[in-house]
Amino acid sequence: MAKGEGAESGSAAGLLPTGILQAGERPAQAKKEPKKKQQLTICNKLCYAVGGAPYQVTGCALGFFLQIYLLDVAQKVHIDSFSLPKIEVVDPFPASIILFVGRAWDAFTDPLVGFCISKSSWTRLGRLMPWIIFSTPLAIIAYFLIWFVPDFPQVQPLWYLLFYCLFETLVTCFHVPYSALTMFISTEQSERDSATAYRMTVEVLGTVLGTAIQGQIVGQADTPCLQGPNSSAVALGSANHTHSTTSLKDTQNAYLLAAGVIASIYVICAVILVLGVREQREPYETQQAEQMSFFRGLRLVMSHGPYIKLIAGFLFTSLAFMLVEGNFALFCTYTLGFRNEFQNLLLAIMLSATFTIPIWQWFLTRFGKKTAVYIGISSAVPFLILVALMERNLIITYVVAVAAGISVAAAFLLPWSMLPDVIDDFHLKQPHSHGTEPIFFSFYVFFTKFASGISLGISTLSLDFAGYRTRSCSQPARVRFTLKMLVTMAPIVLILLGLLLFKLYPIDEEKRRQNKKALQALRDEASSSGCSDTDSTELASIL
């Protein structure tokens, strides 16, 4: 009987092509041989990292300069009925509405774009790349128009609100798929962490570029200011009218020039990203028979405990750093009196952050991500206290700026390094829930931008209540004190609240290692199953 079975097998082997026999042997071999790690080349990582620069370059320029632009630059001079020159300004209250509504709209578009992406089909370019390609040209047009002063003073607030919201929508169509791309460049945790470190380094360089381009170009212009308590009101004397008007026009042209340079960088980085990165699908995702609905996926994501705790902690820390970002230019100009130095101080912060990103990447690899969060973000607190207590001193201010950059680097790197760990944990607990990556990333960005909108709205309203005077060379003591509180005490309280919430975050280094092993076993099983299914199909077609 055994001989008959052996002869029967040999007969079947003689009828089948050698290729099919070799294919049938592959599953056994795959189990014996260790699976080769999926390595990304340095070129892959750099091309991926460069894609993060457009969001940071434009976001840095808007975050640091839009508020002071609306209050002190976005103005038109015209002749009133008495043949006197009159300045039409954007008052602090409309400016606060523009900043808050723009950020709130920006936050709302993140889950909306995430929903649309989750419904997108895979194409030859992938599922995420088409969004990046088609949003880029429209985004740069909208960005340029934000920094253009229209000839119709009555509709200025509406103009800035419209194009600010339009740009934020289009940059969301770029940034949400780019953020989700982290999960599709490699299945290896170590490779994703390494690519994220590259990305954060380039993004901080992007903020350096945004700060340097916007700050240095605008800083060369002579921004006019007016003396006296009623300087923002109305009439300019004929003696200094020509000089003031010329200086204002030069400053507006400087903002337009900076916008053109930044828009060019946006396009170049998008092209490098599209040409240098390819999306990869998970092996077990291709076997899924039906796609999960967006709202079911959203319900599962929002019920995932580690995700909620992570975004709650970073919500407070992000709000702290955004308060500093949004008010730093005004704080340096009016509270510290460094009107011509604030762009250099910004540059010092961002250069310091750029050089310390690799250090934080080494630190989180050596000591763990939660430890890096506690040390990295809390390191800003002593320097904020020093800023609050010190008198005007340019050298000490530069020292504080360099030290603050160390904490800014940690705030840049850690959220994006920890979010993939949360998604891996979710995939283990919900192994049949695929396509949820855009939901994770879009809602994280949603909460971050919502915090930004709150910070800008509260800041500008606080300045309005304190009596901020548009285009004034100096501000009342109440305004200077309000700026100091917005840049020092309020961020300190928010940082401490965020660090308390991080105590509840459950994914430590041991949990990460367990998740990595479990996910690799799931991928191996899916790959073996897929290979066996393919071989069975080929065998059936021949027989």
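Residues numbered from 1 in each chain as written. Predicted model: local features only at pLDDT ≥ 70, side-chain atom pairs only at ≥ 80, totals over all residues. Heavy atoms only, no water.

- Within an unreviewed UniProt entry, the label attached to the chain reads Sodium-dependent lysophosphatidylcholine symporter 1, and the organism entered is Otolemur garnettii.
- Of the chain, the UniProt comment under Sequence similarities (unreviewed entry) reads exactly: "Belongs to the major facilitator superfamily." (UniProt positions renumbered as here; feature names shortened; annotations may be inferred.)

### Looking at the overall build of the chain
Piece 1. Within the chain, the regular secondary structure consists of 19 helices and two strands.
Piece 2. Here the chain holds 543 residues, and 53% of them are scored as buried.
Piece 3. As displayed, the chain has an accessible area near 23500 Å², and 66% of this comes from carbon and sulfur atoms. (Helix = DSSP H or I, 4+ residues; strand = E, 2+ residues; numbered from the N terminus. Buried < 20%, exposed > 50% of the residue type's maximum accessible area, 1.4 Å probe, protein only. Areas by Shrake-Rupley, 256 points an atom, 1.4 Å probe, with all protein chains shown as cover.)

### Some points on the pattern of salt bridges
Piece 1. For the structure shown, the criterion picks out eight salt bridges.
Piece 2. A salt bridge links Arg 199 to Glu 203; its shortest N-O distance comes to 2.8 Å. Of the two residues, Arg 199 and Glu 203 are both situated in helix 8 (residues 189–219); the distance of four residues between them amounts to about one turn of the helix.
Piece 3. We classify Glu 203 as buried; its relative accessible area is 0%.
Piece 4. A salt bridge links Lys 429 to Asp 425; the nearest nitrogen and oxygen atoms lie 3.3 Å apart. Here Lys 429 and its partner Asp 425 are both found in helix 15 (residues 394–429), four residues apart, which amounts to about one turn of the helix. (Salt bridge = Lys/Arg side-chain N within 4 Å of Asp/Glu carboxyl O.)

### Section: helix 11 (residues 305–335)
At 3.6 residues per turn, the α-helix brings residues three or four places apart onto the same side.
Piece 1. Taking 1.5 Å per residue, 31 residues should reach 45 Å; helix 11 reaches 42 Å between its end C-alpha atoms and fits that length.
Piece 2. The buried fraction of helix 11 is high, at 24 of 31 residues.
Piece 3. Gly 337, located one to two residues past helix 11, shows a positive phi value of around 80 degrees. (Expected span 1.5 Å × (residues − 1).)

### A word on the side chain of Asp 424
Piece 1. Along the chain, the position of Asp 424 falls in helix 15.
Piece 2. Once residues lying within four places of it in the same chain are set aside, the contact partners of Asp 424 are Met 183, Gln 189, Arg 192 and Leu 519. (Contact = heavy atoms within 4.5 Å.)

### With respect to the packing of aromatic side chains
Piece 1. Applying the stated criterion across every chain, the model contains 20 aromatic pairs.
Piece 2. Taking the centre distance of 5.1 Å and the plane angle of 70 degrees together, the rings of Phe 426 and Phe 440 count as edge-to-face. With Phe 426 in helix 15 and Phe 440 in helix 16 (residues 437–466), this pair connects stretches of sequence that are 14 residues apart.
Piece 3. Relative accessible area serves as the criterion here: at 1%, Phe 426 is assigned to the buried category.
Piece 4. Given a relative accessible area of 0%, Phe 440 falls into the buried group.
Piece 5. By way of ring pairs, the aromatic residues Tyr 69, Tyr 143, Trp 147, Tyr 160, Phe 167 and Tyr 255 are connected into one cluster.
Piece 6. Its end group placed over the ring of Phe 367, Arg 366 keeps NZ or CZ at 5.0 Å from the ring centre. (Phe/Tyr/Trp six-rings, centres within 6.5 Å; stacked < 30°, edge-to-face > 60°. Lys NZ or Arg CZ within 6 Å of the ring centre and 35° of its normal.)

### Description of the packing of helix 11 against helix 18 (residues 489–502)
Piece 1. In the contact formed by helix 11 and helix 18, the axes pass within 8 Å of each other and the chain directions differ by 165 degrees. Here helix 11 lies roughly antiparallel to helix 18, going by the angle between them. As helix 11 packs across helix 18, the resulting crossing turns out to be left-handed. Facing helix 11, whose interface residues are Leu 310, Ala 312, Gly 313, Phe 314, Phe 316, Thr 317, Leu 319, Ala 320, Phe 321, Leu 323 and Val 324, helix 18 presents Ala 490, Pro 491, Leu 494, Ile 495, Leu 497, Gly 498, Leu 501 and Phe 502.
Piece 2. Of the residues contributing to the contact of helix 11 with helix 18, the split by class is 16 nonpolar, three polar and no charged. (Axes fitted to C-alpha atoms, helices over the stretch in contact; angles between N-to-C directions. Parallel < 35°, antiparallel > 145°, perpendicular 65-115°, else oblique. Left-handed = near helix turned anticlockwise from the far one by under 90°. Nonpolar A, V, L, I, M, F, W, Y, C, P; charged D, E, K, R; others polar.)

### A short note on a nonpolar patch on the surface
Piece 1. A contiguous nonpolar surface patch, about 330 Å² in accessible area, is contributed by Phe 93, Ile 97, Phe 100 and Val 101.
Piece 2. Mapping Ile 97 onto the fold places it in helix 5 (residues 92–118).
Piece 3. Judged by its relative accessible area of 38%, Ile 97 is partly exposed. (Patch = residues over 30% accessible without salt bridge, like charges linked within 9 Å, V, L, I, M, F, W, Y side chains within 5 Å.)

### A closer look at the environment of Thr 354
Piece 1. Of note, Thr 354 is situated in helix 12 (residues 342–367).
Piece 2. For Thr 354 and Val 208, which are 146 residues apart along the polypeptide, the C-alpha to C-alpha distance reads 8.0 Å.

### Considerations on the environment of Tyr 69
Piece 1. Inspection of the secondary structure assignment puts Tyr 69 in helix 4 (residues 53–72).
Piece 2. Contact partners of Tyr 69, with chain neighbours within four places excluded, come to Ala 74, Ile 146, Trp 147, Phe 148, Val 149, Tyr 160 and Tyr 255.

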